[in-house]
Amino acid sequence: MADVSFRGATRYYAGVDRPAVDRLDLEVADGEFLVLVGPSGCGKSTTLRMLAGLEGVDEGQVWIGDRDVTALPPKDRDIAMVFQNYALYPHMTVGENIGFHLKVAKVPRDERERRVRKAAALLGLESYLDRKPARLSGGQRQRVAMGRAIVRQPRVFCMDEPLSNLDAKLRVQTRTQIASLQRRLGVTTVYVTHDQVEAMTMGDRVAVLKDGVLQQCDTPIGLFAKPANLFVAGFIGSPAMNLLPARVDGDSAVIGGHAVRLTRGQRAKLSGDEVMVGVRPEGVDVVDFDDGIPVVVDVVEELGSDQFLYCSFDQAGSGGLVEHAVTARVAGMSPNERGAKVGLLPRREAVHLFDPVTGSRLED
Amino acid sequence: MTVADVGRKAPRRPKPAPGAGRRSPLRVLGMVVVLAFSAFNLLVLYWLIAASFKTPVEIFTKPFALPVRWFQLGRPLRNFAYAWDQAGFGDAFLTTVVLVAASSAAIVLVSAPAAYALTRLGVRGSGPLTNLIAVGMGVPFQTVIIPLFIGLSTVHLTDSLFGLFLVYVALSIPFTVFLLTGFFRSLSDEMEEAAAIDGASPLRTFFAVMLPLARGGLITALILNAIGLWNETLLAIVFLQSQAHFTLARALFTFYGAAEYQSEYGGLIAGVTILVLPMLVLYLVLARRIITGLTLGSGK
Amino acid sequence: MATIVAAPAKERGAAGKPGPVGTSGGHLVRKRRLFWPFLTPALVLYVVFLVAPTIVTGVLSFTRWAGAGDTPQFSGFTGYLRMFASDSFRSALVNTLMYVVVGGAGTFLLAFLFTMVLRDMPGGKLVRTILFFPNIVAPVALAMFFSFLFKSDDKGLANFVLGAFGVNPVRFLAPENVTLTVIGALVWASSGFYITILMAAVDRIPPYLYEDAEIAGASAWQKFRAITLPLTWDVVGVAGVLWTINALKVFELVFVLAGPGTYSPPTAAWTLGIYVFDRSFGSQGTPDYGGASACAVVMIALTSVFVVLLRRLMRRDTIQF
């Protein structure tokens, strides 16, 4: 039985026809760490708030465990939330902040203090219990917000971009701390972020949203290896997957004049004579100009461990020649130069095909 | 995955968050009280304006009805005419306009440079000096009227509009300086520095750069002082004795006793309206500025 | 490299400690010469018309002076003693304190109530504008309106309305009732102002704090006590100071409401402000400048005491959100 499930959940904003969240069907297993990811405005925060009860549900339902909580106020849902701004009470000490929810719930003082101390120990905050938030660093404040959520011992954690306000280095550090904390506590967690790296590294499963619609929900590897549509393909992975329009010619897809041989299974799924070919930068090899997609190297990015080649080629499109960009990843310090004319050969197993109209993946 | 249906319309009002408590009885009661209060205020305004066109009998027996009698007699503005001529409100109006305009202008003229000096010229002790002046806001006028009266009478400036003018200007300085120091402090330094780099003299910088930047604050100070002085009564009572010199508030004060005696209630209310209406109009036009200005210092 | 680093340090002016902006550096010292010319007119007026008279009042309070035609004679504390012993002063003091304390409590209670309701109400800003309007009306005009409202016989507006419900006329303005009536009037006239101040302060509280409290299951009252009140406390303090200063000064409202208008109202209704006025410029009896000054001194002493007390009570570290 899923611990959290969205059943056709829909949310509208006043005066806007397109729903912020559109008939979302999503299930989160007990103890699972699910990440909601997507660009700004995709509805991920709204979804989280619907789960928390801070946002109304216009159609559909939200279930926690075996209870339909759609109409229940937040306090009856047994959830805890970590806000992007931490929402720490500026006039209360760390200890009072962490214990606030317990105080409201009239937990007796001894037990309250015991639980606060325990949570503080877990997060390394014992020596700060008497400080006010203004005198804490960003990372410490974030931990206080976590502490307040943990001490409630809720059924579900809701986290709304808790790392966005931290600097890059702290973000990486805290990321692992949060993930290991969640594993330790085993609490079902729904986590919102716009950063796909966070999503990939932290989530048991990741749900990708765009314009209020769920694009794909899968393990990180699943998203990476088998993106369900063009959007997911281009969103997950950095640098982004190359998405190139190709013309079908017999048993090949022709890109920039180069024919990419397709498997029988791939050919079977084709409809029409156009197809979108996706191939990740690490999925191409650099060969001679005539042996692969003929491109010109525009920029060479040398990182030492890797080298990225940003190339371009022209292809006939509607209304004349269109320039397309391709990125290739090669071993660091390879002898590639700007302006060189090379060929990029996609490896067969690295080729993804997408329907040019719907954007959906064409399964092998 | 899911394709949005064309033609699905958003509901007119998305549902509120569950348990938002919008309908709790306490809140409903609160809203009723608030609306009642607002209605009361509007009713007061209506009563005032309507009553200023009524006969005394109408005022007391039909307070909420529309005025009828004077209109029937073909003299709808009779109360106003009475107040204007017999009770001297016409002269008082002119006096008040001139006095208030001159005083407000003078106050700002004197306070703006002072506020500028205290906030931006970086002299040591500016802070405590500013506080010293601001403290003056807490001094009740009653504390100074006796010596001021004595002092002004020795230079024959009692019962004189000029004397009152001086008093008005001086006693408004604490508030105005306080208000303007807030404004000047909030201005960015870059303009000043740019002017200095361009070789402008400090005086020039003040007039050409700082004053225009602080225009909002200056106008607010002007308006707030104008309102305060228009309504000011105590000092006018102390320092003006002959009717020829009366301000509106002063005239109203004197008229009150006489009106009761003569049952000239219509004229009295017309007088009140003459006093209140200009401020009301000003308020309707400038409400936001007035409200922001008056509460600025308090809201931090 | 070295030159680029050196230049900014030099620009910042001498010896480490940066002065107020735009005031360090040679060519800007000229600016300081403006200081006294700019400040002096205001300062002189302030000292001559406010500071000096206050001191003179203090001095006068120790004298006995019956105004024009008499000369002040030093009398030490007898003036004060006589004043404290007089009934009129006592009732004035009690009344004034009532206005400050009871009126203040009433106003702030009302203001908080209204703020919480108006925040979520559509048209809240419009209502606030309507409620604020008594603040720009002359107190003397307000007082006259109230005298019409509260006339003791059935001619008064309030009694007119009450009469429609079959209630007997109430003598609102009888000396024993007038203080309460004036408190009501004062609260009505002032609430708009304090509602505005409080609303501005409450608006600054970030909404996510309330959301977290919602998740915690806090009731409306708990949210108020745990969030709204503490985070507006400093503004409440400032507003309290403003209220105290203004309530201590109350004059026109009582003078016109409680009295016949041409001369002072009965002493049972007096405030300190009226006491000072009556004893110096009132049209009845011989003036008593010494006594009036003594009362004025009491007024300013009370103001200071209240302000200091309030600031002490309300003091806290500045809250950063």
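Anything mentioned here points back to the structure above.
Analysis parameters
- Residues numbered from 1 in each chain as written.
- Chains lettered and ligands numbered in written order.
- Predicted model: local features only at pLDDT ≥ 70, side-chain atom pairs only at ≥ 80, totals over all residues.
- Contact = placed C-beta atoms within 7 Å.
- Helix = DSSP H or I, 4+ residues; strand = E, 2+ residues; numbered from the N terminus.
- Buried ≥ 20, exposed ≤ 12 C-beta atoms within 10 Å, placed from the backbone.
- Pairing = 2+ DSSP bridges.
- Axes fitted to C-alpha atoms, helices over the stretch in contact; angles between N-to-C directions.
- Nonpolar A, V, L, I, M, F, W, Y, C, P; charged D, E, K, R; others polar.
- Expected span 1.5 Å × (residues − 1).
- Core = buried A, V, L, I, M, F, W, Y, C linked by C-beta atoms within 7 Å.
- Domains from an automatic or database assignment.
- Parallel < 35°, antiparallel > 145°, perpendicular 65-115°, else oblique.
- Left-handed = near helix turned anticlockwise from the far one by under 90°.

**Considerations on the interface of chain A and chain C**
Chain A puts 16 residues into the contact, and the matching count from chain C is 16 residues. The greatest single-element share of the side of chain A that touches chain C, amounting to three residues, is contributed by helix H2 (residues 94-104) of chain A.

**Thoughts on the environment of Thr-174 of chain A**
All names here are of chain A. Looking at the element boundaries, Thr-174 is found in helix H5 (residues 168-185). Classification of Thr-174 as partly exposed rests on a count of 19 C-beta atoms within 10 Å. Put simply, Thr-174 and Leu-163 are eleven residues apart on the chain and 7.7 Å apart in space, counted from C-alpha to C-alpha. Dropping the residues within four chain positions of it, Thr-174 is found in contact with Gly-139, Gln-142, Leu-163 and Leu-166.

**Some details on the sheet that holds strand E16 (residues 293-302) of chain A**
All names here are of chain A. Ordered by their spatial adjacency, five strands build an open sheet running E15-E19-E16-E17-E18, and the pairing between neighbours is antiparallel. Single-partner strands in this sheet number two, and they are strand E15 (284-287) and strand E18 (320-331). Looking at each pair of strands side by side, their axes are set apart by 40° on average, direction ignored. Here six bridges tie E16 to strand E17 (residues 306-317), and the two strands are oriented antiparallel to one another. Residue pairing in the sheet places Glu-301 in a bridge with Phe-308 of E17.

**Some details on the interface of chain C and chain B**
On the side of chain B, 73 residues touch chain C, which itself brings 81 residues to the contact. With 16 residues, helix H3 (residues 35-60) of chain C is the largest single contributor of residues to the side of chain C that touches chain B. Looking at the side of chain C that touches chain B residue by residue, the class counts come to 61 nonpolar, 14 polar and six charged.

**With respect to helix H3 (residues 109-123) of chain A**
Residue and element names in this part refer to chain A. Between its first and last C-alpha atoms H3 spans 21 Å; for 15 residues at 1.5 Å apiece the expected length is 21 Å, and the two agree. Against H2 and helix H4 (138-150) lie the buried residues of H3. Remark: Gly-124 follows H3 within two positions and exhibits a positive phi of approximately 70°.

**Here we look at the nonpolar core**
The biggest cluster of nonpolar side chains holds 173 residues, and the ones touching the most others in it are Leu-252 of chain B together with Ala-141 and Cys-295 of chain C. Lining this core are residues from two domains, each supplying at least three of them: domain 1 (22-82) and domain 2 (88-262) of chain B. Residues in contact with Cys-295 of chain C, not counting those within four places in the same chain, are Met-83, Phe-89, Leu-272, Tyr-275, Val-276 and Arg-279 of chain C. Listed in part, the 110 residues of the second largest apolar core include Met-202, Val-206, Ala-228 and Leu-230 of chain A.

**Observations concerning the sheet that holds strand E5 (residues 67-68) of chain A**
Strands belonging to one sheet form pairs held by backbone hydrogen bonds; the direction of such a pair is parallel or antiparallel. Overall, antiparallel pairing links the four strands, which are arranged E2-E1-E4-E5 (chain A) in an open sheet. Every interior strand has two partners, whereas the edge strands, strand E2 (21-28) and E5 of chain A, have only one.

**Description of the packing of H4 of chain A against H5 of chain A**
Residues and elements named next belong to chain A. Viewed as axis vectors pointing N to C, H4 and H5 meet at an angle of 15°, and their least axial separation amounts to 12 Å. Our classification of the angle between H4 and H5 gives roughly parallel. In the crossing of H4 with H5, the sense of the turn from one axis to the other is right-handed. Note on element contacts: H5 touches H4 through Leu-170, Thr-174 and Leu-185, opposite Gly-138, Gly-139, Gln-142 and Ile-150. Among the residues forming the contact of H4 with H5, the class breakdown is three nonpolar, four polar and no charged.

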